[in-house]
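Tertiary structure, described
Chain by chain, the residues:
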Amino acid sequence: MSVKPYVLTDRGIFRYEQVTYPMEERGLQFGDGVYEVVRLYNGIYVWLREHLDRLYRSAAAIRLSVPFGCEELIEQLEELRRLNDVQEDAILYLQMTRGSFPRNHAFPAENRPNLYAYIQPMARKTEEMTHGVRTILTKDVRWEYCYIKSLNLLPNVLAKQEAVERGAFEAILHRDGVVTEGSSSNIFLVKNETVYTHPATARILNGIVRTKVKQFCAELGIPFVEEAFSTNDLAEADELFLTSTTSAIIPIIQVDETVIRSGAPGAVTKALQAAYRQATQRETQNI
C-alpha cells in the first residue's frame, strides 16, 4: 500500500520525497500535535467536513493554530486528491504539530506549525464486515483527554499489538471494568434490539462513524442509549460491533474466549451496515 506521490504541507503541495522535517520536530519529540484519518471510497472523500471540524476542535484543545482556514484546507485537500488521481478506496492521513524548534517543553514563542497530509490506498475490510472479528479485553491506561485526537498513541499501540499477538482484530479497553472504547475504534453493545455505547465524554474519542451510527439508529427506529456498560455485560450481549473510519462497522463475534451468541453477525449490526453503505454511496455520488 504505497503512498500517493503528492503530499500537502503548510507550505504547499510537494512530491513525497521532497517533504522532510528537522529532528527537532515537536510531533516527534513530544507528540505535540493532532491528526485525522478520512476515508475515500472510489476516490471521493467521505464526511470530510466532519473530520476537519474535529481536527479544529482537537487543535483548539491543545492551543494549536491551524495554518489554513477550513474552506481553504478543503480546497487544498481536493487539489491533493486531483493531483494524485485517486480513483480507488483509500485513506487521507493529516497530521499537524506545533512545529520545528530547539527542544523545550514550553511552547515556542513563534507560531509556526507543521502540517502534512497524504493519501494511501486502502481496501474495504469486506471479510471482517461480513463474518465478524475476535477481540480481547485489556486495561485502559491512557490519559484523561481521549476526546482529543492527539499523537500520543503509545497505549493504543501497545493494546493493538497485544491483540495482534493473541490473534485478535481489536483490543477492547476498560477502566475498572467499565468499557470505554477500542484501541482504534468505538465499541457498541446490542441488547433487546437497543444499541448501547459509552457516552461521548473526555474518556473516549467521539468517532465520526460513531456519530453516524447514532443518526442511523434514529432513522431506523432503533433505540440508542449513550450509557457505559461493563466487561461482564459483554458476555450477555445479543450483539457487539465496533466502528472506525478505516473499519466502517464490523461485528464482534468473540471477546477473549467468550463467543457472542451464535458467533455470527446479528440483525441490528447488519441493518446498520446497510445504512452505512447507503449513506456513503450518497456521499460519493453527490459531489
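Residues numbered from 1 in each chain as written. Predicted model: local features only at pLDDT ≥ 70, side-chain atom pairs only at ≥ 80, totals over all residues. Heavy atoms only, no water.

1. A look at a nonpolar patch on the surface
- A cluster of nonpolar side chains, Trp143, Tyr145 and Tyr147, forms an exposed patch at the surface whose accessible area comes to about 320 Å².
- Its place among the elements puts Tyr147 in the loop between strand S7 (133–139) and helix H5 (154–165).
- Looking at Tyr147, the relative accessible area reads 37%, which means it is partly exposed. (Patch = residues over 30% accessible without salt bridge, like charges linked within 9 Å, V, L, I, M, F, W, Y side chains within 5 Å. Areas by Shrake-Rupley, 256 points an atom, 1.4 Å probe, with all protein chains shown as cover. Salt bridge = Lys/Arg side-chain N within 4 Å of Asp/Glu carboxyl O. Helix = DSSP H or I, 4+ residues; strand = E, 2+ residues; numbered from the N terminus. Buried < 20%, exposed > 50% of the residue type's maximum accessible area, 1.4 Å probe, protein only.)

2. Comments concerning the sheet that holds strand S3 (residues 33–41)
- Taken in spatial order, the six strands line up as S2-S1-S6-S5-S3-S4 in an open sheet, and their pairing is antiparallel. Only two strands of the sheet have a single partner each, and these edge strands are strand S2 (12–15) and strand S4 (44–45).
- The pairing of strand S1 (residues 6–9) with S2 spans four bridges and is classified as antiparallel. In the strand pairing of S2, Leu8 is matched with Ile13. (Pairing = 2+ DSSP bridges.)

3. Details of empty space enclosed by the protein
- The final tally for this structure, using the stated rule, is two cavities of 30 Å³ or more.
- Of the pockets and cavities examined, the largest cavity occupies roughly 50 Å³.
- Put simply, the parts of the chain that give the lining of the largest cavity at least two residues each are strand S13 (239–244) and strand S14 (248–255).
- Size it by volume and the second largest cavity reaches roughly 30 Å³.
- Considering the residues around the second largest cavity, the lining is formed by Arg39, Val46, Trp47, His51, Val209, Thr245 and Tyr276.
- Along the lines of polarity and charge, the residues of the lining of the second largest cavity split into four nonpolar, two polar and one charged.
- Taken domain by domain, the makeup of the lining of the second largest cavity includes at least three residues from each of domain 1 (4–119) and domain 2 (124–282). (1 Å grid on protein atoms, 1.4 Å probe; cavity = no way out; pocket = protein on both sides within 12 Å on 5 of 7 lines; lining within 4 Å. Points joined across faces, edges and corners; volume = space filled by probe spheres on them. Nonpolar A, V, L, I, M, F, W, Y, C, P; charged D, E, K, R; others polar. Domains from an automatic or database assignment.)

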